[in-house]
Every structure is written in structure tokens, then in C-alpha cells.
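Listed below, chain by chain, are the residues.
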Amino acid sequence: MITDENQKNNAPLAERMKPKNIDAFVGQTDILGEGKLLYRIIKADRINSLIFHGPPGTGKTSLARIIANSTQSEFETLNAVTSGVKDLRAVFKVAENNLGIHNRKTILFIDEIHRFNKSQQDALLPYVEKGTVILIGATTENPYYEVNNALISRSMIFKLEPLSQENIIEIINRALKEDEYMASANVAIEADVIAYLSDIANGDARRALNTLELAVLSNESYKGAVSIKKEDIDNCVQNRNIRFDKTGNEHYDTISAFIKSMRGSDPDATLHYLARMIYAGEDPKFIARRILIQASEDVGNADPMALTVANSAFEAVTKIGMPEARIILAQAAVYVATAPKSNASYMGINDALRDLESMNVGEIPYHIKDMTSSSIERKKNDQFSDKQAYKYPHAYENNYVDQQYLPDNLLGKKYYNSSNNGYEEKITKYLNKIREHSDE
């Protein structure tokens with residue numbers, strides 16, 4: 001039976017279950033296993049400036065709390081969302097007094113440190129450099145992109161990975177046994193339901209615990225035991241947790257996986273990553289633009305229709321919008337994924353641009369210069385009669401005649417190396433045929 005006594009602690013279950021010491025921490029054994037560097041420096045209370053980065057619910061704040069509980073230093077906490085330079089200065093003043101009067105170091109934990117702008121991070125730097133404060137930062141973003149390089153160079157960087165399903169099962173079972181409220185509720189939950197909850201949490205312990213607590217709180221079967229079924233879990237979690245911050249690493253990782261799956265001719269993976277983006281609310285026009293680029297970059301002339309399909313999809317998505325646009329995006333993405341591939345045009349234009357930057361490519365051959373508006377002036381040139389006249393290809397057999405088009409400095413250069421894939425095989429045969437004719 002749930003009593004008023006059980007509800008005295010209003011903190012969420014995820015907060016109540018935060019580990020108090022390093023031995024109670026679950027997961028991250030690659031960096032926190034016994035004998036690992038982070039484990040040793042926490043145990044020895046030899047903390048230098050640290051930055052923890054990783055997805056939500058992987059233990060960044062818990063590690064900071066463990067350090068706070070185990071250190072002999074003073075411990076101050078700020079949240080970058082709600083704190084500014086004024087708050088930093090107040091901490092620095094306290095830290096200077098701690099060091100000057102009591103000879104005690106001050107550890108400053110800044111949650112969501114990526115939210116600090118450049119001026120706020122710059123204000124931090126001199127105090128970290130002088131050792132007035134030891135910085136511990138936590139961020140869901142890649143610190144190498146979001147944190148001042150000078151702060152990065154003075155900190156040890158630790159990446160936290162999403163927790164495994166086994167880790168989250170262990171955390172849930174601990175909560176059911178060790179949390180006073182959960183124990184008093186006498187929660188009955190089968191192992192397969194716990195496994196299901198740990199799976200949909202997708203590496204986020206906080207999400208798993210919050211969902212479990214909501215399932216218990218919203219359950220009306222308070223007589224004897226609270227029985228939690230799979231449908232209770234489904235009712236308490238709106239969507240499976242997909243890590244996809246449209247401004248962060250997961251955004252770029254998912255886009256990259258989507259592009260590489262299309263390039264790699266895997267329609268199943270293509271649809272999976274497309275679904276991730278749609279599920280997370282990505283702009284459908286952004287997705288359509290990526291498909292359009294891939295149609296030219298990776299399919300090219302192996303299937304010229306790919307560009308037409310992708311362009312039509314972009315226009316249709318712009319007109320239709322979600323949710324129906326998902327069907328159009330899926331059709332175009334699958335077309336590009338399953339089309340024969342060639343990057344010959346893409347590589348060719350890159351090579352041509354590099355030559356323009358790195359060498360003197362020479363003049364355009366005289367006979368293919370403009371001979372319309374400027375022809376009168378050119379005919380006045382005494383040497384015009386010595387120049388080769390332009391040969392009109394349609395006046396020759398098979399609409400082809402051998403003549404020079406590249407500048408003298410680039411004679412023999414091949415920028416377009418067509419493949420034998422799809423329609424481009426026909427192009428390759430045609431080019432080989434006319435090149436053989438040219439060599440005769």
C-alpha cells in the first residue's frame with residue numbers, strides 16, 4: 001500500500017537512484033572500471049579538470065555527484081542554461097577565499113557546458129589556468145566543437161556511451177529493491193517487461209526510471225501489489241527514445257548514415273535512417289535535398305532518371321508536406337539506393353576544378369571560341385588564316401568529327417572516367433568507339 005510517508009520525497013525516481021559512490025555506479029566500464037584512469041583519480045581524490053560528454057541518461061551528472069561526495073575539495077555547481085558571467089564571478093570569489101584562507105581547492109561542476117557562449121567560456125579560462133577552480137563540465141554535444149579549445153587543452157575528456165540493455169535492467173532491479181517508495185508499492189513486474197522497458201529506453205537510464213515510476217504512479221491496483229504490464233509501459237512512454245538532436249552530433253551521424261546507406265545500395269538501411277529522421281521531426285525538405293544531391297553525386301549517369309525522380313520528390317514534398325511526404329521521400333530514397341552507381345561526373349568536376357587552381361591550363365582553342373559577335377574583329381587578325389577552322393560535328397558521319405577541344409596544356413587529360421554500370425555502360429562504349437576512331 002502506498003502511504004503518505006512514501007511520498008515525502010518528491011524527487012523523481014531517477015534522481016533518488018543516483019549512485020552515491022563510485023562502486024554503486026553502473027556501466028561505463030571502459031573508462032570507470034576498476035584500475036581505469038577515471039576510477040583511480042576519483043578514488044585517489046586527484047581530480048584535474050574534466051569534461052564528460054555523451055547522450056542523456058548515461059551518468060554524466062552522477063559522476064559529478066560521486067566526485068562531490070568523495071572529494072576533500074569544495075564543490076560548487078552551476079547550470080549553463082540558467083547561469084551567467086555574474087554567477088561565475090561569485091563562484092570565483094568563493095574559490096579564491098577557499099584557496100587563500102583555507103588552502104582548499106574548489107571544484108566547479110557546470111552542467112550543459114555547451115550552452116555557455118564564447119564570452120562565458122572565456123571568463124572561465126583564466127581561473128582554470130591559474131588553478132583557482134577545477135572544472136568539471138558535462139555536455140551532450142561533442143566538446144571539441146562546442147567548448148573553447150583552450151579549456152579543452154586543459155581538461156581530460158571522457159566520452160560516455162549509451163548504457164547497455166543489461167546495465168539498465170540492473171538499474172531498474174536496484175530501484176525496485178532499494179528505493180523506499182518502490183519497495184513499499186510492492187511492484188510486481190515480469191522480467192520480460194523489464195527487458196522491454198530497458199530496450200525502449202535506448203541507453204538512457206533516466207528515461208527508463210522515469211517511465212517505470214510513472215507506470216507505478218498511474219496504476220490503480222494499489223491493493224496488495226502494483227502489477228506492471230507491457231501495456232502500462234506503452235501507455236507511459238509516448239515514443240521510443242531516439243537520440244537525434246537536430247543541432248548536435250546525432251543529427252550529423254544520422255544524416256551521414258542515411259547518405260552512406262543510399263551510396264552503399266542498401267534500401268533497408270536507407271529506410272531505417274529515413275524513419276529516424278522523420279520520427280525525430282527533421283525538415284522533410286532538408287531530407288529531400290540530400291536525396292537530390294546523392295542522385296547526382298553517387299548515381300549520376302549510371303541512371304540519369306535518378307536525378308529526375310529526386311527533383312520531382314523535392315518539388316512534391318514542398319507542395320505536400322508531412323505526414324504524406326514520408327511516402328514521397330521513401331520512394332525517392334529507395335530509387336537512389338537501388339540505382340546503379342557512378343561518381344564519374346562528381347569526380348570529374350572536382351579534378352577539373354583542382355587543375356584550374358594548381359596549373360596554367362592555357363587558352364581555349366581558337367576554333368571553338370565565339371565566332372559570332374566578335375568574328376569581325378578576329379577576321380582582321382593577320383593570322384586568322386593560319387588557325388584551324390571549327391568542324392561542325394553534324395556535318396560528319398555519326399555526328400562526330402575528331403578535333404581538339406581541350407586547351408593545349410591539357411591535351412590527353414581525362415576528367416570523365418565513365419563506369420560500366422547501368423546506362424553509363426552505353427556511354428562508356430560510345431566514348432571508347434569514338435576514341436578509337438580518333439586514334440586511327
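The coordinates are above.
From a predicted model like this one, the values you see are computed outputs, not experimental measurements.

1. Digging into the overall build of the protein chain
- On a plain count of helices and strands, the protein chain comes out with 21 helices and 7 strands.
- Looking at the 440 residues of the protein chain, the share that counts as buried comes to 41%.
- Per element, the accessible surface of the protein chain, about 24500 Å² overall, is 49% carbon and sulfur.

2. Some points on the side chain of Lys-341
- Within the secondary structure, Lys-341 sits in the loop between helix H18 (325–338) and helix H19 (344–358).
- At 7.8 Å, Asp-298 is the nearest oppositely charged side chain to Lys-341, a buried residue that forms no salt bridge.
- A polar atom in the side chain of Lys-341 sits 2.7 Å from the backbone oxygen of Ala-337.
- One polar contact links the side chain of Lys-341 to the main-chain carbonyl oxygen of Ala-339, over a distance of 2.7 Å.
- Non-local contacts of Lys-341, meaning those with residues more than four positions away in its chain, are made with Met-262, Arg-263, Ser-265, Asp-298, Val-299, Ala-302, Val-336, Ser-419 and Asn-421.

3. Some remarks on the pattern of salt bridges
- Counting across every chain of the model gives 17 salt bridges.
- Asp-298 serves as the salt-bridge partner of Arg-263, at 3.0 Å between the closest nitrogen and oxygen. In this pair, Arg-263 sits in helix H14 (residues 249–263) while Asp-298 sits in helix H16 (residues 284–299), placing the two residues 35 residues apart along the sequence.
- Between Asp-355 and Lys-413 there is a salt bridge, with its nearest N and O atoms 3.4 Å apart. Here the residue Asp-355 occupies a position in helix H19, and Lys-413 occupies one in the loop between helix H20 (375–379) and helix H21 (424–439), the gap between them amounting to 58 residues.
- According to the relative accessible area criterion, Lys-413 is partly exposed, its value standing at 36%.

4. What to know about the side chain of His-53
- Relative to the elements of secondary structure, His-53 occurs in strand E1 (residues 50–53).
- Excluding anything up to four places from it in sequence, His-53 contacts Lys-60, Thr-139, Glu-141, Asn-142, Pro-143, Ile-157, Phe-158, Lys-159 and Leu-160.

5. A closer look at H19
- Its 15 residues place the ends of H19 21 Å apart at the C-alpha level, agreeing with the 21 Å of an ideal helix rising 1.5 Å per residue.
- Turning to H19, its buried residues number three or more, namely Ala-344, Gly-348 and Asp-355. Down the axis of H19, the buried side of the element spans an arc of 30°, and every buried residue falls inside it. Residues of H19 that are exposed and point over 90 degrees away from its buried face: Leu-356 and Glu-357.

6. Some thoughts on the sheet that holds strand E5 (residues 156–159)
- The strand order across the open sheet built from 5 strands is E2-E3-E4-E1-E5, with neighbouring strands paired in parallel fashion. Of all strands in the sheet, those bounded by a partner on one side alone are strand E2 (74–79) and E5. Direction aside, the axes of adjacent strands within the sheet are offset by 15° on average.
- Pairing of E2 with strand E3 (residues 106–111), which is carried by 6 bridges, proceeds in the parallel orientation. Paired with Phe-75 across the strands is Ile-107, a residue of E3.
- Of the strands in this sheet, E1, E2, E3 and strand E4 (134–139) are in contact with helix H4 (residues 60–70), which crosses E1 at around 150°.

7. So, the packing of aromatic side chains
- Inspection of the entire model under this criterion finds 2 aromatic pairs.
- Ring plane angle 45° and centroid distance 6.3 Å describe the contact between Phe-52 and Phe-158, whose orientation is recorded as tilted. One end of the pair, Phe-52, is in strand E1; the other, Phe-158, is in strand E5, with 106 residues separating them in the sequence. We note that Phe-52, like Phe-158, is buried.
- Above the face of the Tyr-127 ring, Lys-130 is positioned so that its terminal group lies 4.8 Å from the ring centre.
- Across from the ring centre of Tyr-196, 4.4 Å away, lies the NZ or CZ of Lys-230, which sits over that ring.

8. Here we look at the packing of helix H9 (residues 165–178) against helix H11 (residues 191–200)
- In the contact formed by H9 and H11, the axes pass within 9 Å of each other and the chain directions differ by 125°. One way to sum up the angle between H9 and H11 is to call them oblique. Considering the relative orientation of H9 and H11, their crossing is right-handed. Of H11, the residues touching H9 (which contributes Gln-165, Ile-168, Ile-169, Ile-172, Asn-173 and Leu-176) are Ile-194, Ala-195, Leu-197, Ser-198 and Asp-199.
- Of the residues contributing to the contact of H9 with H11, the split by class is 7 nonpolar, 3 polar and 1 charged.

9. Considerations on the nonpolar core
- One finds Leu-212 and Val-216 to be the most contacted residues of the largest nonpolar core, which totals 31 residues.
- Those elements that place two or more of their residues in this core are helix H1 (13–16), H9, helix H10 (180–185), strand E6 (187–189), H11, helix H12 (205–217), strand E7 (226–228) and helix H13 (230–236).
- Per-element accounting of this core gives the leading share, 6 residues, to H12.
- In this structure, Ala-288, Ala-310, Ala-325 and Ala-333 belong to the second largest nonpolar core, which totals 23 residues.

Cut-off values and rules
Residues numbered from 1 in each chain as written. Predicted model: local features only at pLDDT ≥ 70, side-chain atom pairs only at ≥ 80, totals over all residues. Heavy atoms only, no water. Helix = DSSP H or I, 4+ residues; strand = E, 2+ residues; numbered from the N terminus. Buried < 20%, exposed > 50% of the residue type's maximum accessible area, 1.4 Å probe, protein only. Areas by Shrake-Rupley, 256 points an atom, 1.4 Å probe, with all protein chains shown as cover. Lys, Arg positive; Asp, Glu negative; His and termini not counted. Salt bridge = Lys/Arg side-chain N within 4 Å of Asp/Glu carboxyl O. Polar contact = N/O pair within 3.5 Å; in protein donor to acceptor, adjacent residues only side chain to side chain. Contact = heavy atoms within 4.5 Å. Expected span 1.5 Å × (residues − 1). Arc of directions from axis to C-beta. Pairing = 2+ DSSP bridges. Axes fitted to C-alpha atoms, helices over the stretch in contact; angles between N-to-C directions. Phe/Tyr/Trp six-rings, centres within 6.5 Å; stacked < 30°, edge-to-face > 60°. Lys NZ or Arg CZ within 6 Å of the ring centre and 35° of its normal. Parallel < 35°, antiparallel > 145°, perpendicular 65-115°, else oblique. Left-handed = near helix turned anticlockwise from the far one by under 90°. Nonpolar A, V, L, I, M, F, W, Y, C, P; charged D, E, K, R; others polar. Core = buried A, V, L, I, M, F, W, Y, C linked by side-chain atoms within 4.5 Å.

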